[in-house]
Amino acid sequence: MRDFSQDHRFLSINTATVRKSHGVELPLSEILDSCARKGIRAVSPWRDQVHAAGLSNVARQIKSLGLELSGYCRGGMFPAIDSAGLSAALDDNRRAVDEAAELKAPCLVLVVGSLPGGLQGRAISKDLSLARTQVRDGIGELLEYAQKVGVPLAIEPLHPMYAADRSCVNTLEQALDLCDELDPRRSGTLGVAVDVYHLWWDPKLQQEIARAGKDRILAFHVCDWMTPTTDMLNDRGMMGDGVINISQIRSWLEAEGFSGYSEVEIFSNNWWQRSHHEVLDVCIERHCQVV
Ligand code: ZN
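Procedures and definitions
Here the residue numbers are simple positions, counted from 1 along each chain's written sequence. Where totals are concerned, whole chains, interfaces and linings use all residues; where local detail is concerned, this predicted model gives features only for residues with pLDDT of at least 70, and gives and counts side-chain atom pairs only at 80 or more. Hydrogens and waters are ignored; side-chain quantities use all the structure's heavy atoms. A run of H or I in DSSP counts as a helix once it spans at least four residues, and a run of E counts as a strand once it spans at least two, with each numbered from the N terminus. Type-normalised accessible area, obtained with a 1.4 Å probe on protein chains alone, sets the label of each residue: buried when under 20%, exposed when over 50%, and partly exposed for intermediate values. Only heavy atoms matter for contacts: two residues are in contact if any of them lie within 4.5 Å across the pair. Accessible areas in this description were obtained via Shrake-Rupley with a 1.4 Å probe; residue shielding takes into account the shown protein chains only. Between Lys or Arg on one side and Asp or Glu on the other, a salt bridge is scored when a side-chain nitrogen of the former is within 4 Å of a carboxyl oxygen of the latter. A donor here means any N, O or S atom no more than 2.8 Å from the metal (3.2 Å for Na, K and Ca); water is not included, so a site may seem to lack partners. Labels for metal geometry use angle windows, namely 85 to 135 degrees for all angles of a four-donor tetrahedral site, and for square planar (four donors) or octahedral (six donors) sites opposite donors over 155 degrees apart plus all others within 65 to 115; sites meeting none of these are irregular. Any residue with an atom within 4 Å of a point lines the site, the site being either a cavity, points on a 1 Å grid over the protein atoms alone where a 1.4 Å probe fits but cannot get out, or a pocket, an open set with protein on both sides within 12 Å along at least 5 of 7 lines. Grid points are joined across faces, edges and corners, and a volume is the space filled by probe spheres set on the points. Asp, Glu, Lys and Arg are counted as charged, while Ala, Val, Leu, Ile, Met, Phe, Trp, Tyr, Cys and Pro are counted as nonpolar; the rest, among them Gly, fall into the polar class.

Focus on the overall build of the protein chain
Part 1 of the argument: Helices and strands together make up the secondary structure of the protein chain, namely 10 helices and 11 strands.
Part 2 of the argument: Its C-alpha atoms put the protein chain at 50 × 40 × 40 Å along the principal axes.
Part 3 of the argument: When burial is assessed residue by residue, the protein chain has 55% of its 291 residues classed as buried.
Part 4 of the argument: Counting contacts in the protein chain only where the partners sit at least 6 residues apart, residues at least 24 apart contribute 80% of the total.
Part 5 of the argument: Accessible area of the protein chain: about 12,000 Å², with a carbon and sulfur share of 49%.

Overview of the pattern of salt bridges
Part 1 of the argument: What the rule picks out here adds up to 22 salt bridges.
Part 2 of the argument: For the salt bridge of D177 with R211, the shortest nitrogen-to-oxygen distance reads 2.7 Å. Note that D177 is positioned in helix α6 (residues 172-182) and R211 in helix α8 (residues 205-216), a separation of 34 residues in sequence.
Part 3 of the argument: In this structure R211 comes out as partly exposed when scored by relative accessible area, which is 27%.

Looking at the coordination of the zinc ion
Part 1 of the argument: The coordination sphere of the zinc ion contains the protein donors E156 (OE), D195 (OD), H221 (ND1) and E265 (OE), at a distance range of 2.0 to 2.2 Å.
Part 2 of the argument: For the zinc ion, the four donor atoms are set out with angles of 86 to 159 degrees between them, so the coordination reads as irregular.
Part 3 of the argument: All donors to the zinc ion come from one chain, and their sequence spacing reads E-x38-D-x25-H-x43-E. Linking D195 in strand β9 (residues 190-195) with E265 in the loop between β11 (262-264) and α10 (276-290), this pair joins segments that are 70 residues apart in sequence.

Section: the layout of surface pockets
Part 1 of the argument: Considered as a void within the structure, the largest pocket measures approximately 390 Å³ in volume.
Part 2 of the argument: Around the largest pocket sit 21 residues that line it, and W46, R74, R166, L233 and F267 are the ones nearest its centre.
Part 3 of the argument: Listed by contribution, the elements that provide at least two residues to the lining of the largest pocket are α2 (47-53) and β6 (72-76).
Part 4 of the argument: Tallied by class, residues from the lining of the largest pocket come to 10 nonpolar, two polar and nine charged.

Everything listed is a geometric property; what it means functionally is a separate question.
Written as structure tokens, this is what we have:
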């Protein structure tokens, strides 16, 4: 297992972690500058931040700062109530693949979606199994396009508390079943994002990481699970502040040969109130101490 205690060369920052500083929205350009200045070598930006800054501007800045990407967030949200909705979702995902290619991202992360309308608090359907079928079909169609463009797709299973709205893929086992069904030859273009926040509780986690193997593990996201968790979306903890044994999970990934970045992804109403400089400094410190 790699020694992270001496430096932070394998640290990546998911830009949502510092999307606000002192509670105020922070432009992506400033986030990228601050990361580079602190010797952080990789980032994973969100689409809305990239769109606000302009795709070509972001691509240029990333290149000039010498940053790498550990992923691009995010595609997905496949289910819809009708065929027009399904094809609109697919079109948007193809654009996300194109953007990921322009930014030279190693993968497009997929948060696959669930019951149509669920995210808006108005689920139109209760048919979870139909949502799962639409997700499978959507990923299958997108995969053909992504393979042509050369961008791997990383399915990110989400904690079951999001099963109604953000993702009907809730375990690593489920995500890997999709990979096996849609990419039986293990082409390297379809895999998973392992996020400790979503998966730490799963009794099959170690076994499923071994099943994934190196070629299916496309991203590793870290933060911590707070007790109590006061907000389902925006109360993620800083590594070391919660109950997840992060380095144990990393050891399972590395036993399979994973050698990529540990991407810090913290959505937190608390950490967004602090200065982003302070947040990045704590990320670096905790990366060395507990990841
Ligand atoms: Zn994640």
